[in-house]
Amino acid sequence: MDQIKIGKFIAECRKNKNLTQAELARQLGTTDKSVSKWENGYCLPDASLYEPLCHLLDISINDLFAGQKIVDEDYRKCADQNLMALLKHQLYELSDKSISFNEFDHSLNRISETTVLLNSFKSKDKAIDYLVKETGLSLEECTNAYNIYIDLFKINK
């Protein structure tokens, strides 16, 4: 997701509606400084503003996260990517924000990759053996890690 592209798209759509940053902000119950930050790619709107922003700009949530109007043939691909991006941002908003969004996103991706990897083994023992070989950690540490993933993601092995 490209915040700068999204910001430019918000600005373009706002201008097409003949709205100033202050007018858009007033209608959304936020400040013109917030709108300026979005439009300059410094941050994204709060998740609670996605729907009203899209309504005011006459765009879809998929258009917003793509940073452009989406043509029909690209809709499905963008819809899947944008839904994931929206979920990540909503999860981040619920977090304590002790790390940056990029670090949070990277961590989620690594957890997802690890889950897929562990789920690909035919047995718990084979998955743990793999973890031991790849990480150099003890059997006990790898067993504990595997069990955490089972608890988190309900992997049934």
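Here the residue numbers are simple positions, counted from 1 along each chain's written sequence. In keeping with the model being predicted, local features are shown solely for residues with a pLDDT of at least 70 and side-chain atom pairs are shown and tallied solely at 80 or more, while totals for entire chains, interfaces and linings include all residues. Think of the side-chain values as coming from all heavy atoms in the structure, minus any hydrogens and water.

A. Region of interest: the overall build of the protein. Within the protein, the regular secondary structure consists of nine helices and zero strands. Helices (α) and strands (β) of the protein occur, in sequence order from the N terminus, as α-α-α-α-α-α-α-α-α. Taken over 157 residues, the protein has a buried fraction of 33%. For the protein, the proportion of contacts with a sequence separation of at least 24, taken over those separated by at least 6, is 45%. Accessible surface area values rest on a Shrake-Rupley calculation with a 1.4 Å probe, where residue burial reflects the displayed protein chains alone. Accessible area for the protein stands at about 10300 Å²; split by element, carbon and sulfur atoms hold 51% of it. Helix and strand definitions follow DSSP, with helices as H or I runs of at least four residues and strands as E runs of at least two, each counted in order from the N terminus. The cut-offs for exposure are 20% and 50% of the maximum accessible area for each residue type, with area from a 1.4 Å probe on protein chains only; residues under the lower value are buried, those over the upper are exposed, and the others partly exposed. Only heavy atoms matter for contacts: two residues are in contact if any of them lie within 4.5 Å across the pair.

B. Just unusual backbone geometry, in detail. The backbone of Asn-18 shows a phi angle near 55°, a positive value even though the residue is not glycine. Overall, Asn-18 belongs to the exposed group, its relative accessible area being 69%.

C. Main features of the pattern of salt bridges. Salt bridge, as used here, is a side-chain nitrogen of Lys or Arg placed within 4 Å of a carboxyl oxygen of Asp or Glu. In total, this model carries one salt bridge according to the counting rule given. The closest approach of N and O atoms between Arg-14 and Glu-39, which form a salt bridge, is 2.5 Å. Of the two residues, Arg-14 sits in helix H1 (residues 3-16) while Glu-39 sits in helix H3 (residues 32-39), which places them 25 residues apart along the sequence. Judged by relative accessible area, Glu-39 falls into the buried class, the value being 9%.

D. Structural view of H3. Along H3, the residues classified as buried are Val-35, Trp-38 and Glu-39. Mapping the buried residues of H3 onto a view down its axis gives an arc of 95°, with all of them on the same face. If you follow the buried residues of H3, they end up packed against H1, helix H2 (21-28) and helix H4 (50-57). In the segment just after H3, Gly-41 is the residue with positive phi, at about 75°. Here the arc refers to the set of directions running from the helix axis out to each C-beta atom.

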